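Here's the letter readout for the chains.
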Amino acid sequence: MALLQISEPGQSAAPHQRKLAVGIDLGTTNSLVATQRSGETCTLPDAAGQHLLPSVVRYLDDQIVVGETAKLQASHDPVNTIVSVKRFLGRSLADIQGVYANLPYQFSDSASPMMEVVSGVVNPVQVSAEILLSLKARAEQTLGDELSGVVVTVPAYFDDGQRQSTKDAVELAGLKLLRLLNEPTAAAIAYGLDSGQEGLIAVYDLGGGTFDISILRLSKGVFEVLATGGDSALGGDDFDALLVEHIREETALTGPLSKSLHRTLLDKAKIAKENLSHESVSSVEFTDDQGHQQAVMISINRFEALIQPLMKNTLRACRRALKDAGLEKQQIAEVVMVGGSTRTPYVCQQVGEFFETSPLTSIDPDRVVAMGAAIQADILVGNKPDTDILLLDVLPLSLGIETMGGLTEKVIHRNTTIPIAKAQEFTTFKDGQPAMMVHVVQGERELVADCRSLAKFSLQGIPPMAAGAAHIRVTFQVDADGLLNVSAMEKSTGVKAQIQVKPSYGLADSEIALMLQASMQYAEQDMQARMLKEQQVEASRVLENLQAALSIDGHTLLGEAEKHTIEQALGHLKLLAAGDDKEAIKAAISKVDEASQDFAQKRMDSSIRQAFSGQSVDRI
Amino acid sequence: MNYFELFNIKVAFELDLASLAQTYQKLQRLTHPDKFASGSEQQKLLAVQKNAQINDAYSLLKAPLSRAEYLLALRGMDLQHEQHTIKDTAFLMQQMQWREQLAEVQEQADPLHELELLEDEISQHIKHDLIQLEALLAIETEEADQQAANFIRKLKFLYKMCKEIDLKQDTLSDF
């Protein structure tokens, strides 16, 4: 975290002091970190000059190894080497084992995926945090200072549980999250800025474990996502798995394989796949569990036939996204290719045929997402106050709640632009029913059982009423990161319940706090210092922003008394902000917020009025 | 402030979609939470709320059916929570005929082509009804509003029918 810059409130700090911000592509197979330096966007290499960090984490007795070194050991030490952990984020163990048979890990006996490694038990959030920590160290070493904030990318098709788990991993790694950004949107920014183009574009993103298709409209710096679709469990890893299956058939390897042979076969299949990008045939040689030498030749035709059904699935998703956007494929001006798996020539060819245009591949498909994220991070951290760029994202999957008979009632439909808030009313179905269970689900299907369960909470204390007399209003609020908050209220009595939706198979806030404390870098003292610093940063933000606001609009929008109350609260905060009592600072911020609530609202409304009357709109 | 006022346009069914889109971009630039990334928590929260309202307003105003329904709601006629049955026999017969056509489309020689024909036919009806609806909503009398409400109820059926055709197309096409 950057050192707190405290300036006399009202006189803002040196205006163009750059803050360090990076974009991180937390990928299934590889991860990257990128930043903007002197106007250029670049990914940052490690000491050995490698830009890609394999998303592999190996746990040893006394240390944790991330990246290439860990990857090299994956087949020798499969149980302790976690590969492609992104597939497990926000998922239940049953889900994971349903999709990926033959995983080499020792899962604990629990509903959420906990992996037993030599040094203890780890969950996917912790494993992801290790990857982030490794990139953080790389960035801070290269850039020579602490990071002020990061933008981390997620597949557009990630549901709430997967997004929340990603956010938790960022927090666990001690990074300040500026925004979760959808990978295709990030790619579009990277391309859009280079060519300054306008019009409709499609981003086809086939990574190691996920597939996304997004349709965007670019207009005067606004990137508006019109529709998105995909499959969060389809990617290049599936190509490898199909090849392994094929190899087993060819060599009559029936029955269970040893974990290390399975890993070896996956590694060799990946190499064969890469060879087939530029050769017409590739051979795979290995020693089986009985010690026999085996060899299989795979032709490009055979490989294409194997992956053809998967390609078809991706193109079906493209068609659906076009339809959702209300467009014909001929209207798409450009197709952007993202993700390492688009290096397979057959993928490019099929996508090109579908959209009837040759896809854009001028930016390295492995790096383009991290680069777009870096551009957005630079903007969000405040380095480009005059930028025109604005990203309008959509909700990828409909949100709803369970109603009678296990059916889903949709409250917010997929492809709705976010942030969004919607409310729906429900009623009780029994006389005197004292409580109501709210089950929040995400997905398109009608049956709750076919959707993903996000959370369950209950609204207690409904006074005795006849069936159907209680009016329970459930409000869904989705923020710009695509994260959901749900609240419920009985209207006649005002009984309320509110939850931050936490994934059914993720971590509770308390667990994250515990893990933060437990990790070596945040001993109790550090934790306290960090929390104090966070409060001080927020205090300085409040002071700076409000002082500026008062000097601009105070005289027009506020009465004397109101202005006085705010100034008094501000003065109080200013006194406390210099001290080290974090609770007192927090309380003083709340006081200021309360006193200035109306003023903030009035300013927002007045900025909108001014925009319509054609006056200057650049002061907010 | 109602949604028409929020977008600074007159409270009427007729509107210019291109200028609505321009206003939307303008409002987005003023209220999107990313514009407040370095602001205080209070500013961020306020931005999320205002921006959510603008997104909701835009999606409601740009679609003719929801815009008409909203306009009637402003005039005191709530169609969203009503339990109303359509008694227009001719309309109901037409519905049944379309549904049968849809159900039997698989047995046709070229089902996708049949679906396109059906879709075109329904689109014609929608277009026709929207023109009627626009004229009725402009009159602004109780009676005209009642008639407009009937068109909205029928249009809901037609849009639903289009959605079902879409789904059918998905299941029938190879991809």
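Here the structure is shown first, and the text comes after it.
Given the structure is predicted, the values throughout are model-derived calculations rather than measurements.

Calculation notes
- For every chain, the first residue of the written sequence is number 1, and numbering continues from 1 along that sequence.
- Think of it this way: whatever chain is written first is A, whatever ligand is written first is 1, and the rest follow in order.
- Only residues with pLDDT of at least 70 get local features here, since the model is predicted, and only at 80 or more are side-chain atom pairs given and counted; chain-wide, interface and lining totals rely on the full set of residues.
- Only hydrogens and water are set aside when side-chain values are computed; all heavy atoms of the structure are taken into account.
- Any two strands with at least two DSSP-identified bridges between them are counted as paired.
- Each helix is a run of H or I in the DSSP string that is no shorter than four residues. Each strand is a run of E no shorter than two, and both are numbered from the N terminus.
- Between the N-to-C directions of two axes lies an angle of 0 to 180 degrees, each axis being a line fitted to C-alpha atoms and, for a helix, fitted only over the stretch in contact.
- Only heavy atoms matter for contacts: two residues are in contact if any of them lie within 4.5 Å across the pair.
- For the exposure calls, accessible area comes from a 1.4 Å probe over protein chains only, and a residue counts as buried if that area is under 20% of its type's maximum, exposed if over 50%, partly exposed in between.
- Here roughly perpendicular refers to angles of 65 to 115 degrees, roughly parallel to angles under 35, roughly antiparallel to angles over 145, and oblique to all remaining angles.
- What makes a crossing left-handed is the near helix being turned counterclockwise from the far one by less than a right angle; a clockwise turn instead makes it right-handed.
- Residues are grouped as follows: nonpolar covers Ala, Val, Leu, Ile, Met, Phe, Trp, Tyr, Cys and Pro; charged covers Asp, Glu, Lys and Arg; every other residue, Gly included, is treated as polar.
- By convention in these notes, a salt bridge is any Lys or Arg side-chain nitrogen within 4 Å of a carboxyl oxygen on Asp or Glu.

I tried to follow the sheet that holds strand 13 (residues 211–219) of chain A on my own but got confused; where do I start?
By way of backbone hydrogen bonds, the strands of a sheet pair with one another, either parallel or antiparallel. Read from one edge to the other, the open sheet built from 5 strands follows the order 17-12-13-14-18 (chain A), with strand pairing classed as mixed. For this open sheet the edge positions go to strand 17 (334–338) and strand 18 (390–392) of chain A, each flanked by a neighbour on one side alone. Geometrically, the sheet is characterised by an average inter-axis angle of 25° between neighbouring strands, direction not taken into account. Sheet topology note: the strand 13 of chain A/strand 14 (residues 222–231) of chain A ladder contains 9 bridges and is antiparallel. Across the sheet, the residue bridging to aspartate 212 of chain A is glycine 230 of chain A, located in strand 14 of chain A. The strands touched by helix 2 (residues 17–31) of chain B within the sheet are strand 13, strand 14 and strand 18 of chain A, with strand 18 of chain A carrying the most contacts at an inclination of about 110°.

Explanation requested: unusual backbone geometry in the structure shown.
Leave glycine aside and you will find that most residues have negative phi; peptide bonds, for their part, are mostly trans. Residue and element names in this part refer to chain A. A cis amide bond links isoleucine 418 to the next residue, proline 419, at an omega of 0°. Among the structural elements, proline 419 can be located in the loop between strand 20 (407–412) and strand 21 (420–426). Within the chain, serine 38 stands out as a residue other than glycine whose phi angle is a positive 40°. Mapped onto the fold, serine 38 is located in the loop between strand 2 (30–37) and strand 3 (40–43). For serine 38, a relative accessible area of 76% translates into the label exposed. The backbone phi angle of lysine 220 is positive, close to 50°, even though this residue is not glycine. You can call lysine 220 exposed: its relative accessible area is 55%.

Help me understand the packing of helix 3 (residues 124–143) of chain A against helix 4 (residues 160–172) of chain A, please; the structure alone is not making it clear to me.
If you want to describe how two helices pack, look at the angle between their axes and the distance between the axes. Residue and element names in this part refer to chain A. In the contact formed by helix 3 and helix 4, the axes pass within 8 Å of each other and the chain directions differ by 55°. Compared by their axis directions, helix 3 and helix 4 come out oblique. Handedness of the helix 3/helix 4 crossing: right-handed. Residues Val125, Gln126, Ser128, Ala129 and Leu132 of helix 3 form the contact with helix 4, whose participating residues are Ser165, Asp168, Ala169, Val170 and Leu172. Of the residues contributing to the contact of helix 3 with helix 4, the split by class is 6 nonpolar, 3 polar and 1 charged.

Help me understand the pattern of salt bridges, please; the structure alone is not making it clear to me.
Residue and element names in this part refer to chain A. If you walk through the whole model with that rule in mind, you get 35 salt bridges over all chains. Of the charged contacts, one joins arginine 414 and aspartate 324 as a salt bridge, the two residues approaching to 2.9 Å between their closest N and O atoms. Taken together, the positions of arginine 414 in the loop between strand 20 and strand 21 and aspartate 324 in helix 8 (residues 300–325) put the pair 90 residues apart, joining distant regions of the chain. Exposure remark for arginine 414: the relative accessible area of 23% places this residue in the partly exposed category. For aspartate 324, a relative accessible area of 28% gives the class partly exposed. The structure contains a network of salt bridges with shared partners spanning Arg320, Asp324, Lys410, Arg414 and Glu444.

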